[in-house]
Each structure stands twice: as structure tokens, then as C-alpha cells.
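Below, each chain spelled out in residue letters.
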Amino acid sequence: MTPQVPFSDVRVEPDDLDAVAATLRSGWLTMGPRAMEFERVFADYLGCRHAVVVSSCTTALHLAYIACGVGPGDEVIVPSYTFVATASAVVHAGGTPVFADIVGVDDLGIDPEHVERLITPRTRAVAAVHFGGYPAAVDVLAELCDRHGLALIEDVAHAPGATLGGRKAGTFGRAGAFSFFSNKVLLAGEGGLLATDDDEVAAVARSLRSHGMTSGTWERHIARTDTYDVTGLGFNYRLDEPRAALLLSRFRRLGDEIERRRGRVREYRRRLAGVSQISFPYRDEDLANSSAYVMPMLVDRAEDRDDVRRALSERHGVQTSIFYPPVHRFSAYRARFPGASLPRTEDVARREITIPLYSHMTDDEQDQVIAAIHEVMT
Ligand SMILES: *Cc1c(COP(=O)(O)O)cnc(C)c1O
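Note that the structure is a prediction, hence the values are computed from the model and not measured.

> Just checking my understanding: could you explain the sheet that holds strand 2 (residues 75–79) for this structure?
Strands pair in a sheet through their backbones, by hydrogen bonds, and they do so in one of two ways: parallel or antiparallel. Sheet architecture is open: 7 strands sit in the order 1-11-10-7-6-2-3, paired in mixed fashion. Of all strands in the sheet, those bounded by a partner on one side alone are strand 1 (50–54) and strand 3 (96–100). This sheet shows a mean twist of 25° between the axes of neighbouring strands, independent of strand direction. Alignment of strand 10 (residues 175–179) against strand 11 (residues 192–196), held across 4 bridges, turns out to be antiparallel. Residue Ser-179 lies in a different strand from strand 11, and its bridge partner there is Gly-192. Contacts between helix 6 (residues 138–148) and the sheet are confined to strand 6 (123–129) and strand 7 (151–155), with strand 7 contributing the most and set at about 155° to the helix.

This is the structure in C-alpha cells:
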């Protein structure tokens, strides 16, 4: 039987197990000292003032939109070529997502020119996604947002460690939302983080992640205070200690793992360059700025996509995925927010196949994927 190559895979190291076991033995399981330590480590890494751990990227986005004042009647311009949470968090904040197209087949990020054309007096914020780990044009968007008095929110779920002009993705906007979901570049099963230089945004996020309370369980435990007030309508969006410990442990390998991912992408690009009827977004030189989260491949003909995926899986044991069915085409969004026409998003979304990529992928596994694509496409 052909061995299976998954499109994404998790490896937990002995250090990770030790870190989690020590946390469980400590007896303190909800958000506490390890979460605070991870916030310091990650803020240093990004080079920003505040990092606020939360339960997911979705909840980080929700808090970011709220902290930027998004509410009923407000529009937020978002890409449709993303995971649904970029848009659903706008709806949860009371706002209305307005979908913008991508730049094109070589850059799957949101198109700043289309964003500018979509701005109305009701626009409050713009969200950008660093697709696949490749930085979106957040430098251009930050300038555009400044000019129009809008907040820029970065969905950095794919891109811890990505850079633009030497500066980390997630630090260009008013807030950046990171994900530690189990198939991401830095993972803990579930988890997220809001990064910001804005003291006010950080204060809102810290308060609302824990019910709008003026002190947390850990602060009361270490007796800084024994009572609290509730100053806003909050949530339980906390991260727990075992996950914070896992993140601290895994963070030490992040740089090496991103380098390995880049090596795999470089190899794919080199050895698949001549294959007919497929192409790859982005350029070789973009890789140095990318966290190399996923490897998107475009087949020339949309009508071939399902057959290619089936052949890779059934004949060669190569699992693939699709990043992403566009949000504006989902039934819930078509019905509520009709009228979006995004030709470049729709074209790419019909032709995209995500091929296997993970940091501990072996040479044999990658050879198997490359041989399979050569065979299927010729
Ligand atoms: C995974 C992902 C999210 C959601 O992250 P969670 O941590 O699972 O909430 C949001 N946006 C994008 C682009 C993602 O890929």
C-alpha cells in the first residue's frame, strides 16, 4: 500500500509533553503565569507593546473589531478569500462585512485598490489576511486607512514570523490577530493572541476577554486584590495554562520550523516549475518574508480540479485541501450579504489545490508528492 502523505501534520516533542505535565502538576490550570510569560515572549518577538492571549484567533478578531469601535451600522472591508472567521467576527461585533477582491493569481492578498473603491461614509475598518503566510500589502493599507480615518486589522492566523520591509506582520494595523489552532504554524490545539501598540485597544481586549472584570483569578490568587468590578460587557475568551505552556515550549522551535517550511516550498517551486497546466502564486523571492503556512497550487482548468485531487489521493496517497471556498459564496453569506462580485477571488478559488506542507515533512514524503503531481498532470 502507498503510504499516505497528509496535507498538514502535527508533531509533539518530548519537551512539549514535559512542559504540559509540569503545568498540570502545578495545579494552576486557568490563565496565569505561563500565559503572562508567553505574552511577554511573543510581544518581544513581534516588536510590539502588547500581546493579549485569548482562546482563538476568532475571539481575537472579535475583540479587535469591538476595540476599534465596530458596531451596528458600520462596514468592515474584508477579503472573501479567507477562512470564514475574518468575516463572521465582524458580524458578531454588530458590523457588516463588505467583501474585497484579491490582487490576482500571483498575490492572493486583498487588493488595496479595490478596498479604496469600496470605502463609504459607513466604513469603520479594513481587515487584511496574510494568505498562506505571505504578507498582504499592509504597508499600503495602513497608509490608506490613515488617510480615511479607518482602523486596519490584520488577520495573522497564517503568518507568525512573516515580515514586510523587516517589520513583523501583525504590527502594521491597529491590531493583529494570531491563531494557535492545531493546523497552524505555531499551534497548541486551540488558542489565539491579539497584538497591538495601542494601549487603549490592549486594555479593552484584556478586560473583555475575562467578563469585563477589573481583576482576574490569578491576580486575586496572588492577593494583589480580593475584589473586582465589572466595567463592560465581556466574554470568557481566556487561554488556559497547559496551552500557554505548550506555546512557550513550541515557540523555541518556531524559527527553525519556518526555515524548514521555506525549504520545502523552495523545493516544490523548483521541481514543479516545468509541469504543464499548473502554476504557483507568489515568487521565489517572496519566500524569505513568508511563514510558509500552506502551499497553494493552481490548476489551469477549474473543471480538472476535482479529478486531480481524486487522482492524487486515490492513486498516490497524497491528501490535499482547498484554501478556501470564498466566504461570499457560502449560503449564510450569500443570503445576508448579496451582490458581491469578486471575479479574481472566484477564479482562483475554483482552481486552487493545497498540497502537503509541514515542518517535519521528510524528503521521501515530498518526493512522493512531487512524483504524484508529475504523473497526474502528464
Ligand atoms: C484559522 C484561521 C482563523 C481562525 O482561527 P481560530 O484560532 O481557529 O479561531 C481566522 N482566520 C484565518 C485566515 C484562519 O486561517
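Next comes the rest of the description.
> Even after reading the chapter, I still don't get the packing of helix 2 (residues 33–46) against helix 9 (residues 241–251), so can you show me in this structure?
Each pair of packed helices can be summarised by the angle the axes make with each other and by the distance between the axes. Running from N to C, helix 2 and helix 9 point in directions that differ by 35°, and their axes come no closer than 8 Å. For the pair helix 2 and helix 9, the crossing hand works out as left-handed. Counting all contacts with helix 2, which are made through Pro-33, Arg-34, Ala-35, Glu-37, Phe-38, Val-41, Phe-42 and Tyr-45, the residues of helix 9 involved are Glu-241, Ala-244, Ala-245, Leu-247, Leu-248 and Phe-251.

> Help me understand the environment of Pro-338 in this model?
Among the secondary structure elements, Pro-338 is positioned in the loop between helix 12 (331–336) and helix 13 (343–351). Separated by 10 residues in sequence, Pro-338 and His-328 place their C-alpha atoms 7.9 Å apart.

> How do you make sense of helix 14 (residues 363–377) when you look at a structure like this?
The periodicity of an α-helix, 3.6 residues per turn, causes residues three or four positions apart to be oriented the same way. For helix 14, which comprises 15 residues, the first-to-last C-alpha distance of 21 Å matches the rise-based estimate of 21 Å (1.5 Å per residue) to within 8%. Taken residue by residue, helix 14 has Gln-366, Gln-368, Val-369, Ile-370, Ala-372, Ile-373, Val-376 and Met-377 as its buried positions. Where the residues of helix 14 are buried, they touch helix 10 (254–271), strand 12 (278–279), strand 13 (295–299), helix 11 (305–316) and strand 14 (352–355).

> When you look at the sheet that holds strand 14 in this model, what are you seeing that I'm missing?
A sheet is described by the order of its strands in space; here 3 strands give the open sequence 12-13-14, paired in antiparallel fashion. Each having just a single partner strand, strand 12 and strand 14 make up the two edges of the open sheet. As paired strands, strand 13 and strand 14 are joined by 4 bridges and run antiparallel to one another. When the bridges of strand 14 are listed, Met-295 appears paired with Ile-355. Against the sheet, helix 13 contacts strand 13 and strand 14, and its axis sits at roughly 50° relative to strand 14.

> What is the right way to look at the pairing of strand 13 in this model?
Remark: a regular strand shows side chains that alternate across the two faces of the sheet. Counted residue by residue, strand 13 has 5 buried out of 5 residues, so it is predominantly covered. Of the two faces of strand 13, the one carrying Met-295, Met-297 and Val-299 and the one carrying Pro-296 and Leu-298 are both buried. Note that strand 12 and strand 13 share 2 bridges and pair antiparallel. Note that in strand 13 the partner of Ile-278 across the bridge is Val-299.

Reading the values: rules and limits
- Residues numbered from 1 in each chain as written.
- Predicted model: local features only at pLDDT ≥ 70, side-chain atom pairs only at ≥ 80, totals over all residues.
- Heavy atoms only, no water.
- Pairing = 2+ DSSP bridges.
- Helix = DSSP H or I, 4+ residues; strand = E, 2+ residues; numbered from the N terminus.
- Axes fitted to C-alpha atoms, helices over the stretch in contact; angles between N-to-C directions.
- Contact = heavy atoms within 4.5 Å.
- Left-handed = near helix turned anticlockwise from the far one by under 90°.
- Expected span 1.5 Å × (residues − 1).
- Buried < 20%, exposed > 50% of the residue type's maximum accessible area, 1.4 Å probe, protein only.

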